[in-house]
Amino acid sequence: MKPQVIAEAKRRAPVQPFATAAPLEVISTATARTFAILDLVAEAQAPVEISSVIETLALPKATAYRLVDGLVSSGYLAREPMRKRLTVGSRFTNLAFGAMRASMRHASRHALLRRLVHDVNETCNIGVMLHGEIVYLDRVEAEHWPLRLQFGPGSRVPLHCSAIGKLFLALTPGRRRSRLLASVELRRYTESTIIERPRLEAELKQIRKERVSFDRQEYLVGVVCIAVPVTGRNGEPLAAIAIQAPEARMNVDAARDHLPVLRRAAEALAKSFQDEI
């Protein structure tokens with residue numbers, strides 16, 4: 001939100017005639033400034049200095065500190081332990097995930113996923129990264145899906161051995177990715193699970209280059225998955241969309257054959273989110 005937008009909102013707001021109540025323009029301005037701060041931190045590619053908040057949003061220093069302190073204490077923002085720069089807090093992350101998950105109830109988005117399932121004749125899902133795990137927003141199973149897997153909206157899978165997880169790891173900016181990798185337990189789920197950090201980092205480098213990720217039976221024996229990002233206007237991953245199938249029917253080469261239709265579905269989903277924003 002630009003400073004001139006905030007100034008215009010303040011100019012137009014009616015003045016509360018009763019001195020005993022908080023003026024409506026103050027409430028409106030504080031709300032607008034609060035959302036502007038959240039928007040600035042959420043859109044930044046790296047943790048944000050409070051001086052940047054003051055300068056970018058043209059806020060009085062005391063006001064900026066007061067609003068930031070309130071957002072930190074309520075969990076919507078967090079400070080780095082050493083430099084005290086601002087990052088997104090867990091409460092803001094939960095709010096964003098809840099909004100994203102609720103938005104998947106939009107009939108056109110679920111229909112888009114069903115259409116992809118029809119086109120590739122395989123099970124498909126959409127997921128996001130939340131608190132170091134991948135959480136499914138939506139999932140549609142193919143009619144001939146032979147495996148009794150208890151997956152659905154809200155199901156969680158690991159970062160290091162799922163296609164969507166590795167995709168988010170690969171596309172997370174450098175320093176954040178390093179911290180995230182350091183916090184991930186490289187647990188072995190199958191014989192194919194990558195548990196060596198140098199090997200995983202090499203895999204992530206290739207994923208960044210191709211912007212496509214594969215799960216080669218790394219999480220579940222006999223299951224292969226391919227995932228591509230659903231990106232925002234600035235190229236940041238909002239979510240990921242994936243195709244999942246038994247390895248006997250879809251090996252990695254066969255999964256690559258689905259890449260054009262999978263990318264088209266990701267672009268359509270991204271456009272639906274961007275249009276809503």
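Everything that follows concerns the structure shown earlier in this document.
Residues numbered from 1 in each chain as written. Predicted model: local features only at pLDDT ≥ 70, side-chain atom pairs only at ≥ 80, totals over all residues. Heavy atoms only, no water.

Colleague: Lay out the packing of helix α7 (residues 163-171) against helix α9 (residues 197-210) with the relevant residues and their values.
Modeller: Each pair of packed helices can be summarised by the angle the axes make with each other and by the distance between the axes. Two numbers describe how α7 lies on α9: the axes approach to 8 Å, and their chain directions differ by 80°. With respect to α9, the element α7 is oriented roughly perpendicular. Within the contact between the two elements, α7 uses K166, L167, L169, A170 and L171 and α9 uses L200, E203, L204, I207 and R208. Of the residues assigned to the contact of α7 with α9, the class counts are seven nonpolar, no polar and three charged. (Axes fitted to C-alpha atoms, helices over the stretch in contact; angles between N-to-C directions. Helix = DSSP H or I, 4+ residues; strand = E, 2+ residues; numbered from the N terminus. Parallel < 35°, antiparallel > 145°, perpendicular 65-115°, else oblique. Contact = heavy atoms within 4.5 Å. Nonpolar A, V, L, I, M, F, W, Y, C, P; charged D, E, K, R; others polar.)

Colleague: Explain the packing of aromatic side chains to me, using residue names and the numbers behind them.
Modeller: Going through the model one piece at a time under the given rule, you end up with one aromatic pair. For the ring pair Y189 and Y219, a centre distance of 5.1 Å and an interplane angle of 70° mean the geometry is edge-to-face. You can see Y189 sitting in the loop between α8 (174-183) and α9 and its partner Y219 sitting in the loop between β6 (213-216) and β7 (223-231), a full 30 residues away along the chain. The exposure class assigned to Y219 is buried, which follows from its relative accessible area of 17%. (Phe/Tyr/Trp six-rings, centres within 6.5 Å; stacked < 30°, edge-to-face > 60°. Buried < 20%, exposed > 50% of the residue type's maximum accessible area, 1.4 Å probe, protein only.)

Colleague: A description of the environment of A242 should follow, citing residues and the corresponding values.
Modeller: Looking at where A242 falls in the secondary structure, it is placed in strand β8 (residues 237-246). In this structure, the C-alpha to C-alpha distance between A242 and L262, residues 20 residues apart in sequence, is 7.6 Å. Filtering out sequence-adjacent residues up to four positions away, A242 remains in contact with T123, C124, N125, I164, C225, I226, A227 and L262.

Colleague: Describe the sheet that holds β8, listing the residues and the values that go with them.
Modeller: Spatial ordering of the open sheet is given by β5-β4-β3-β8-β7-β6, a layout of six strands whose pairing is antiparallel. Across the chains shown, the open sheet's two edge strands, defined by having one partner strand only, are β5 (156-157) and β6. Examined bridge by bridge, strand β3 (residues 123-130) and strand β4 (residues 133-140) share seven bridges and lie antiparallel to one another. Paired with M129 across the bridge in β4 is I134. (Pairing = 2+ DSSP bridges.)

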